[in-house]
Amino acid sequence: RQARRAVCLLARYNHQRVSAMSVKLSAKDKSRATPDPAEPERKARKSALKTTSIRWAMRVSTWEPPTKTFMEALRLLSPEDKEKVLKYRFYHDSVRSLLGRLQILRLLAVVMKIDPSSISIEKTKKGKPYVANPEACPDPALRGMQFNISHHGDWVILAAESHFSVGCDVMNIDRRRGGTETFFRHMKSNFSEGEWAEVQSEAGGVRGKMTRFMRLWTLKEAYVKALGMGLSLEPKRVCFSSMKGQDEGCYKREEGASEEERERWRLDSFLNESKRDPLDEKRRVEAEKKELLEGINHGGSAPVLFSPWLNAQVSVDQKPVLVGSEIKGLASSTPSHRFAAGAFDTNTIWTVAVGIDGKLFPPGVKPNEIMSAQEASLATSFQILDVRACIGELTSLWKARS
């Protein structure tokens, strides 16, 4: 009898144990099947810092293609873009327009991985280009990509941001046709009294005046282009507070540069025309010609002449432009845009404006994450692209997916 009781107790214990285990397993399976409402927010917070910043530049003088090669590059464009490229009167203007469009195609096809047959670019009412079908990009984090193109002189540049509004401008610092004074007289109306007083400072002679003019002009252009306002926002309405005393910081050579770079990117040859030694200038021109002949500097990062930070305070119609309450937790006194400035050579200045747009950030992003991402964006250096390699890359993609 005792043996039979022991067997019954053991069987009952095992049954209860198995039943408890099955209950636990069913609860676990149920939890797996039921989505956690906080999971999307957690994923959003994890991806909040995954921003992408692109800075590309092409040097026009490094690409002098025969007609056949030029036509091959044109085949990559849409019929509308081909017509726009060929409408220019001068050949180099057509080349600049072509290189700008090639950089946009590379951004969409290589970075965003949009199929060439699906690429669609349209413009807003005020003329800012945008990707018309962002859903064609397989990566959701890149579907809000903003981009801007600028070209002048020997350079064509592109700046792109996945989570910020962006504008860029590049200008060649040279003496204008008709003389510098005539040029200044025509352009003075686009500046405030304080800005113009800074431009006309005697420091650095004529070269210094033109440099300060182009620094302020590229700031205005980059900001207006980042807003996407086009001609509806006149440059004279956009003013930057006096930056006196900042020249030393803005035009300082990057630390850690080699002696060869320090010689090439000399501060005094850039700022002060009166200090330039004709022999040094001759050696600089010869070195640049040698670069072109030997194919040097077709790729890699561009040397930086300026410090990457330009703490310029922007106002429109004399009112500071601030973020306001657009993003919860971000101080209302936060500037809407910040700026980076630099140079590709001793005669070219570029400026990039990076603006905070609450619509481009995922839910759950923190204000400190936005500010950190903006700082990282401003510190992004330009990569000089080889035109031939870019055309070859795009041609391969077009053939593979046609």
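To start, this report covers the structure provided alongside it. Since this is a predicted model, take the numbers as computed values, not measurements.

## Considerations on the pattern of salt bridges
Scanning the entire structure with this criterion turns up 12 salt bridges. One salt bridge connects arginine 101 with aspartate 81, and the closest N-O pair in it is separated by 3.3 Å. You can see arginine 101 sitting in helix H5 (residues 91–111) and its partner aspartate 81 sitting in helix H4 (residues 79–86), a full 20 residues away along the chain. Among the salt bridges present, the one from arginine 215 reaches glutamate 198, with a minimum N-O distance of 2.4 Å. You can see arginine 215 sitting in helix H8 (residues 205–227) and its partner glutamate 198 sitting in helix H7 (residues 193–199), a full 17 residues away along the chain. The residues arginine 215 and glutamate 198 share a single accessibility class, namely buried.

## With respect to the pairing of strand E6 (residues 164–172)
Burial analysis of E6 places nine of its nine residues in the buried class, which makes it a mostly covered element. Along E6, one buried face is formed by Phe164, Val166, Cys168, Val170 and Asn172 and the opposite face, lined by Ser165, Gly167, Asp169 and Met171, is buried too. Alignment of E6 against strand E11 (residues 348–356), held across nine bridges, turns out to be antiparallel. Counted as the bridge partner of methionine 171 is isoleucine 349 from E11.

## Re the nonpolar core
Across soluble globular proteins, nonpolar side chains show a tendency to be buried alongside one another. Judged by nonpolar contacts, the single largest core of 38 residues is most densely connected at Trp63, Leu98, Leu99, Leu102, Leu107 and Leu108. With nine residues, the single largest contributor to this core is H5. Setting aside its immediate chain neighbours within four residues, leucine 99 contacts Met58, Val60, Trp63, Val156 and Val387.

## Digging into the packing of H5 against helix H14 (residues 387–401)
Here H5 crosses H14 at 50 degrees, and the two axes come no closer than 10 Å. Taken as axis vectors, H5 and H14 run oblique relative to one another. The way H5 lies across H14 gives a crossing that is left-handed. Together, Leu99, Leu102, Leu105, Arg106, Ala109 and Val110 of H5 and Val387, Cys390, Ile391, Glu393, Leu394, Leu397, Trp398 and Arg401 of H14 make up the contact between the two elements. Taken together, the residues of the contact of H5 with H14 break down into 11 nonpolar, no polar and three charged.

## Examining the sheet that holds E6
Backbone-to-backbone hydrogen bonds join strands into a sheet, with any given pair of strands oriented parallel or antiparallel. The three strands are arranged E6-E11-E10 in an open sheet whose pairing can be described as antiparallel. Each edge of the sheet is formed by a strand with only one pairing partner; in this case those strands are E6 and strand E10 (337–345). Between one strand axis and the next, the sheet turns through 15 degrees on average, direction left out of account. In this sheet, E11 lies alongside E10 in antiparallel orientation, the contact comprising eight bridges. Within E11, the residue paired with glycine 342 across the bridge is tryptophan 350. Sitting on the sheet, H8 touches E6, E10 and E11, and the angle it makes with E6 is about 150 degrees. The sheet contacts of helix H13 (residues 367–378) involve E6, E10 and E11, and relative to E11 the element is tilted by about 165 degrees.

## As for the pairing of strand E1 (residues 53–59)
Most of E1 sits out of view: six of its seven residues are buried. Taken together, the seven bridges between E1 and strand E5 (residues 155–161) define a ladder with antiparallel strand orientation. The partner of arginine 55 across the bridge, within E5, is alanine 159. With two bridges connecting them, E1 and strand E12 (residues 383–384) associate as parallel partners.

## Some thoughts on helix H6 (residues 180–187)
Those residues of H6 not exposed but buried are Thr180, Phe183, Phe184 and Met187. Considered in projection along H6, the buried side chains sweep an arc of 95 degrees and stay on one side of the axis. Among the exposed residues of H6, those pointing more than 90 degrees away from its buried face are Arg185 and His186. The inward-facing, buried residues of H6 abut H7 and H8.

What counts and how
Residues numbered from 1 in each chain as written. Predicted model: local features only at pLDDT ≥ 70, side-chain atom pairs only at ≥ 80, totals over all residues. Heavy atoms only, no water. Salt bridge = Lys/Arg side-chain N within 4 Å of Asp/Glu carboxyl O. Helix = DSSP H or I, 4+ residues; strand = E, 2+ residues; numbered from the N terminus. Buried < 20%, exposed > 50% of the residue type's maximum accessible area, 1.4 Å probe, protein only. Pairing = 2+ DSSP bridges. Core = buried A, V, L, I, M, F, W, Y, C linked by side-chain atoms within 4.5 Å. Contact = heavy atoms within 4.5 Å. Axes fitted to C-alpha atoms, helices over the stretch in contact; angles between N-to-C directions. Parallel < 35°, antiparallel > 145°, perpendicular 65-115°, else oblique. Left-handed = near helix turned anticlockwise from the far one by under 90°. Nonpolar A, V, L, I, M, F, W, Y, C, P; charged D, E, K, R; others polar. Arc of directions from axis to C-beta.

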